[in-house]
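Spelled out, the chains give:
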Number of protein chains: 4
Amino acid sequence: MEKSDATAGTAAGETADESEGRNEPGFGNGRVVTADEYFQRVRHHNVRPAKWSAEDMMETLEELGKDPLRHAERRFVSLVNEDHGELAGASPGIFIGIQLIHPGEVVPNHRHNSVAIYHYLQGTGFTTVEGTKFPYKKGDTIVCPAWAYHEHAATGDEDTIMYVTQDMTEMAAKRTLFFEEPQGIENVRHMVQGTSKSWSATRDPDKE
Amino acid sequence: MEKSDATAGTAAGETADESEGRNEPGFGNGRVVTADEYFQRVRHHNVRPAKWSAEDMMETLEELGKDPLRHAERRFVSLVNEDHGELAGASPGIFIGIQLIHPGEVVPNHRHNSVAIYHYLQGTGFTTVEGTKFPYKKGDTIVCPAWAYHEHAATGDEDTIMYVTQDMTEMAAKRTLFFEEPQGIENVRHMVQGTSKSWSATRDPDKE
Amino acid sequence: MEKSDATAGTAAGETADESEGRNEPGFGNGRVVTADEYFQRVRHHNVRPAKWSAEDMMETLEELGKDPLRHAERRFVSLVNEDHGELAGASPGIFIGIQLIHPGEVVPNHRHNSVAIYHYLQGTGFTTVEGTKFPYKKGDTIVCPAWAYHEHAATGDEDTIMYVTQDMTEMAAKRTLFFEEPQGIENVRHMVQGTSKSWSATRDPDKE
Amino acid sequence: MEKSDATAGTAAGETADESEGRNEPGFGNGRVVTADEYFQRVRHHNVRPAKWSAEDMMETLEELGKDPLRHAERRFVSLVNEDHGELAGASPGIFIGIQLIHPGEVVPNHRHNSVAIYHYLQGTGFTTVEGTKFPYKKGDTIVCPAWAYHEHAATGDEDTIMYVTQDMTEMAAKRTLFFEEPQGIENVRHMVQGTSKSWSATRDPDKE
């Protein structure tokens, strides 16, 4: 519902106002807490260091690589430190993913307002950002700015493996994250609003 | 340009690759800097405290209030500490605005992915978020979540004055900020891409 | 434990390495998750708007004001939207507090690396930042930069009420927040490490 | 100056108050700007993608590696996209560094409240976090939480090369960043306050 109208006038906010005389919100999620309670909540438990071994990463990634229906844009693993709950990532603010692209495949053009930094651990090909082609090889790093369209192609004869860094974790928790994937599908809201039709391991042909 | 094509193949990235033999980026904005240089850059000068007096705020705000062509959504002042440059706000991360709405006026439905926290210093009326009407009066506080449509109406017989807090400053500097204003105008990209047709003190009737 | 030593050699990390042959971390908190699982975790539920009425705020604040043992630095309420869990604040990134200082009282010198923006709703006095005294009155706003010592004194004959904005919420969740309170107490680590001896409603005379 | 005293009473804040009658701040850095001006400032220019080639990174890193006086903790290069000014990093929020540790060397115990994520591109050894030793080899990733002491030792017979990700960039710009380096040196304030005695390519023996 985007417009207030007569019906909205009977919503919780106004009703509560009439019955309580103090303009209460209708949802009950706004609370006034004392300093004592607030400092209990703001002090989070300690985070332990974490390690992800090369074997574990590659094993899981290779498993995904064997799925014939899985497209390249869903063929990645993410490193999660379980010690910081809702801010789920390698750190509370940073997502680390390791992505596998088979020779000849393309991760189709898409964009998001998290910045992505690609470090190429293996393979050759092109990362294209807003129409400019950047050739890549092992050891290169390319950054794709926020909300720039980009695609990745593996053009050599070995798998491309990218070590991907994004500030997605914090943005998701703050509900500021936008995705448009694939290009042209009007779904830019989905990570903000918490709903998405398009996130699946296999692409939906109805959308392409 | 959203798609790579034959023309993009002659772009700087690939050309540089051919002539230099090392896959250079074409734009020259990617630099490898030493630890010594980096720590010079990451150490920012000190920030001084700042004060904005009630008189200064109200004087500037009243000046805007006298402009007959200025609509309510452009009738605010912002408190800026000039000591942190590109992160222009009351703090490096936080925007503070004081907004004036004349009786009978409405700030039309719009949204952004910065969260806005409204504290009402004066006036009565309604703030409507995604169709739910919240009555407000002096001393109330209402939060509008990221990317939720909202409008403000001053329905009493005195001006509404809102003290508005947003995390806009940091989001703008990180190029993660989205605005859709007014509702239905397709301009969600403009704060990210740095261009906008719609930001003007007076609304464009062609857009309404 | 700050130094590695012989004992540390028997810690989980190395033991796991020997028994498993793959350099596993010892704590079990580092997990490799698939794209499918990660996107389930990063998509958070929607946040609803929230309202805190003037009456609720003032009632709770006055209750704290009657406690004869409660010092001014613990006499505040905070506005929390319960819809974003660990990021507990008025928004996922922003803390809003309303603080009450009785005439003649001083909030003693302290500092934190969250920036604080003080808007004075009532009262007169001085906010002193790193030795510079800023007089305040109703309607003024003062910003105290990160890690600057500051104190507040209510010197008039009515209560001072401050509407305080800080970026504390996000910093606490990311474990980057530091407090030194009161000045000279070596407890700068406590908000990062999740422990603190000094947070209590009444000050500990042993510490002063 | 940490305490207000008689001298502070003659500081800019109070003097301005007397002469102007409106409680002006003394520093002139607090400005009240109109909506029109603010939106000019908050709209930043576009950021272009950037690429850093493996050859450029390694060439600069090897150059640092030949300096006999340079210690391991200063032997890194950082990838900077020059398009986002004060937020100097590979992205506005993220620092990427590539660090070289010669066999037998140790990066001494230190800590910072930015989180560091180490991906090992080459070499073997131990990263020790708060006393727990984590063995590393090519392809492993280890995260060191905010404000945890850590050191790195290269124990094999080839150089260790680490690809390091930190959220340092944004924290530095927001003046929330703390370093203690090396352990025991009281310099936790320096990145916040913008001054530091200890940042040099070669360690100061007086400090050890």
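These numbers come from a predicted model, not from an experiment. By convention here, each chain's residues receive numbers from 1 onward along its written sequence. All chains are assigned letters beginning at A, and all ligands numbers beginning at 1, according to the order in which they are written. Given that the model is predicted, a residue must reach a pLDDT of at least 70 before its local features are reported, and side-chain atom pairs must reach 80 or more before they are shown or counted; all residues, however, enter totals for whole chains, interfaces and linings. In computing side-chain values, all of the structure's heavy atoms are included and hydrogens and water are not.

1. Regarding the overall build of chain A
The helix count covers DSSP runs of H or I at least four residues long, the strand count covers runs of E at least two residues long, and both are numbered beginning at the N terminus. Per the secondary structure count, chain A includes five helices and 12 strands. Think of it in three bands: with a 1.4 Å probe and only protein chains considered, a residue is buried below 20% of the maximum accessible area for its type, exposed above 50%, and partly exposed in between. Counting across all 208 residues of chain A, residues that qualify as buried make up 63%. Contacts: residue pairs with any heavy atoms within 4.5 Å of one another. A separation threshold of at least 6 residues defines the contact pool for chain A, and within that pool the share at least 24 residues apart is 63%. Each accessible area is a Shrake-Rupley result for a 1.4 Å probe, and residues are judged covered by the shown protein chains and nothing else. As presented, chain A carries roughly 7100 Å² of accessible surface, and 49% of it is formed by carbon and sulfur atoms.

2. Digging into the interface of chain B and chain D
Contacts between chain B and chain D engage 69 residues on the former and 69 residues on the latter. Buried area: the accessible area, evaluated with a 1.4 Å probe, that two parts lose upon being put together, summed over both parts. Together, Asn29(B), Tyr38(B) and His44(B) form the three largest contributors to the area buried by chain B at its contact with chain D, with a combined 11%. A side-chain nitrogen of Lys or Arg and a carboxyl oxygen of Asp or Glu constitute a salt bridge if their distance falls within 4 Å. Summed over the shared surface of chain B and chain D, the number is eight salt bridges. For the salt bridge of Glu170(B) with Lys174(D), the shortest nitrogen-to-oxygen distance reads 2.8 Å. Two N or O atoms form a polar contact when they lie within 3.5 Å of each other; inside protein one atom must be a possible hydrogen donor and the other a possible acceptor, and for residues adjacent in sequence the pair counts only when both atoms belong to side chains. Remark: the boundary between chain B and chain D carries 30 residue pairs in polar contact (both at pLDDT 80 or more).

3. A short note on the relation of the copies chain B and chain D
The fit set for superposing copies consists of C-alpha atoms from residues with pLDDT of at least 70 in both; the fit itself is least squares. The operation relating chain B to chain D is a screw motion whose rotation component is 180 degrees, with 0.0 Å of axial translation and a residual RMSD of 0.0 Å. The operation mapping one copy onto its partner corresponds to a two-fold rotation axis. The C-alpha atom lying nearest the rotation axis in chain B is that of Glu86(B); the distance is 3.5 Å. The residues that chain B uses at the interface reappear at the interface of chain D in 100% of cases, marking a shared surface.

4. Quick look at the environment of Glu151(A)
Residues and elements named next belong to chain A. Within the element layout of this structure, Glu 151 appears in strand 10 (residues 150-154). On the basis of relative accessibility, which here comes to 14%, the residue Glu 151 falls in the buried class. Along the primary structure Glu 151 and Phe 126 are separated by 25 residues, whereas in three dimensions their C-alpha atoms are 8.2 Å apart.

5. Observations regarding the packing of aromatic side chains
Pairing of aromatic rings covers Phe, Tyr and Trp, the last through its six-membered ring, and needs centres within 6.5 Å; plane angles under 30 degrees mean stacked, over 60 mean edge-to-face, and all others mean tilted. Applying the stated criterion across every chain, the model contains 32 aromatic pairs over all chains. Ring geometry for Tyr38(A) against Phe95(C): centres 5.0 Å apart, planes inclined by 50 degrees, an arrangement best described as tilted. Placement of Tyr38(A) in helix 2 (residues 35-42) and of Phe95(C) in strand 4 (residues 95-101) is noted, with the two residues assigned to different chains. Exposure class is identical for Tyr38(A) and Phe95(C). Each is buried. Measuring from ring centre to ring centre gives 4.1 Å for Phe178(A) and Phe178(B), while their planes differ by 10 degrees; the resulting arrangement is stacked.

6. Some thoughts on the pattern of salt bridges
Inspection of the entire model under this criterion finds 56 salt bridges over all chains. A salt bridge links Asp67(A) to Arg70(A); the nearest nitrogen and oxygen atoms lie 3.8 Å apart. Judged by its relative accessible area of 29%, Asp67(A) is partly exposed. Under the relative-accessibility criterion, Arg70(A) is labelled buried at 7%. As a salt-bridge pair, Glu105(A) and Arg75(A) come within 2.7 Å of each other at their nearest N and O atoms. Taken together, the residues Glu105(A) in the loop between strand 4 (95-101) and strand 5 (106-112) and Arg75(A) in the loop between helix 3 (54-65) and strand 3 (76-81) connect sequence positions 30 residues apart. Take Arg75(A): its relative accessible area is 1%, and that puts it in the buried class. Salt bridges here are not isolated pairs; linked through shared partners, they connect Arg31(A), Glu37(A), Arg41(A) and Glu82(C).

7. Let's talk about helix 2 (residues 35-42) of chain B
Since the α-helix turns once every 3.6 residues, residues separated by three or four places project in the same direction. By the burial criterion, the buried members of helix 2 of chain B are Ala35(B), Tyr38(B), Phe39(B) and Val42(B). Buried residues of helix 2 of chain B, viewed axially, fall in a sector of 95 degrees; they line one side. Note that the arc is defined by the directions from the helix axis to the C-beta atoms.

8. What about the pairing of strand 11 (residues 160-166) of chain C?
Residue and element names in this part refer to chain C. Of all seven residues in strand 11, seven are buried, a share of seventy percent or more. Along strand 11, one buried face is formed by Thr 160, Met 162, Val 164 and Gln 166 and the opposite face, lined by Ile 161, Tyr 163 and Thr 165, is buried too. For two strands to be treated as a pair, DSSP must find no fewer than two bridges joining them. As defined by bridge partners, strand 4 adjoins strand 11 across seven bridges and the pair is classed as antiparallel. Each bridged residue has a counterpart across the sheet, and for Ile 96 the counterpart in strand 11 is Thr 165.

9. Things to note about the environment of Ala153(D)
All names here are of chain D. Structurally, Ala 153 can be placed in strand 10 (residues 150-154). On a C-alpha basis, the gap between Ala 153 and Gly 131 in space is 13 Å, while along the polypeptide they are 22 residues apart. Apart from the residues within four sequence positions on either side, Ala 153 is in contact with Glu 105, Val 106, Thr 124, Gly 125, Phe 126 and Tyr 136.

10. As for the side chain of Thr160(B)
Residues and elements named next belong to chain B. Along the chain, Thr 160 falls in strand 11 (residues 160-166). Residue classification places Thr 160 among the buried positions, given a relative accessible area of 0%. Side chain to side chain, Thr 160 and Tyr 136 meet in a polar contact 2.7 Å long. When near neighbours in sequence (up to four residues on either side) are disregarded, Thr 160 contacts Gln 99, Leu 100, Ile 101, Gln 122, Gly 123, Thr 124, Tyr 136 and Ala 154.

11. Observations regarding unusual backbone geometry
Residues and elements named next belong to chain C. Unusually for a residue other than glycine, Glu 130 sits at a positive phi of about 50 degrees. Its location among the elements puts Glu 130 in the loop between strand 7 (125-129) and strand 8 (132-136). Given the relative accessible area of 24%, Glu 130 is considered partly exposed. In this model, Trp 147 sits at a positive phi of 65 degrees, which is unusual for a non-glycine residue. Take Trp 147: it is sitting in the loop between strand 9 (141-144) and strand 10 (150-154).

12. Considering the confidence of the model for chain A
All names here are of chain A. Taken over all residues, the pLDDT of chain A has a mean of 80, while the share at 70 or more is 75%. Across residues 1-23 the pLDDT falls below 50, and counting only partners more than four positions away or on other chains, this stretch makes 45 contacts in the model. Taken together, the stretch residues 186-190 has pLDDT below 50 and engages in 16 contacts with residues farther than four places along the chain or on a different chain. Prediction confidence for the complex, expressed as pTM and ipTM, is 0.87 and 0.85 respectively. In predicted models, pLDDT denotes the confidence assigned by the predictor to each residue on a 0 to 100 scale.

13. Examining the sheet that holds strand 1 (residues 30-34) of chain B
Ordered in space as 2(A)-9(D)-6(D)-11(D)-4(D)-3(D)-1(B), the seven strands form an open sheet in which the pairing is antiparallel. Strands with a single pairing partner mark the edges of an open sheet, and in this sheet they are strand 2 (50-52) of chain A together with strand 1 of chain B. For this sheet, the mean angle separating the axes of adjacent strands, direction not counted, is 25 degrees. Where strand 6 (residues 116-122) of chain D meets strand 9 (residues 141-144) of chain D, four bridges bridge the pair, whose relative direction is antiparallel. When the sheet's bridge partners are listed, Tyr118(D) is paired in strand 9 of chain D with Ile142(D). Note on geometry: axes are C-alpha line fits, over the in-contact stretch for helices, and angles between N-to-C directions span 0 to 180 degrees.

14. Regarding the sheet that holds strand 5 (residues 106-112) of chain C
The pairing of strands in a sheet comes from backbone hydrogen bonds and takes either a parallel or an antiparallel form. Residues and elements named next belong to chain C. The five strands are arranged 8-7-10-5-12 in an open sheet whose pairing can be described as antiparallel. Two strands in the sheet have a free side with no partner beyond their single neighbour: strand 8 and strand 12 (179-180). Here strand 5 runs beside strand 10; their pairing, made up of three bridges, is antiparallel. Considered in strand 10, the bridge of Val 106 is made with Ala 153.

15. Quick notes on the environment of Ile98(A)
Residue and element names in this part refer to chain A. Within the secondary structure layout, Ile 98 lies in strand 4. Judged by its relative accessible area of 2%, Ile 98 falls in the buried class. The sequence separation of Ile 98 and Tyr 149 amounts to 51 residues, and the corresponding C-alpha distance is 20 Å. Sequence-distant contacts of Ile 98, that is, excluding residues within four places in its chain, are made with Met 57, Leu 61, Arg 75, Phe 76, Val 77, Leu 79, Ile 161, Met 162 and Tyr 163.

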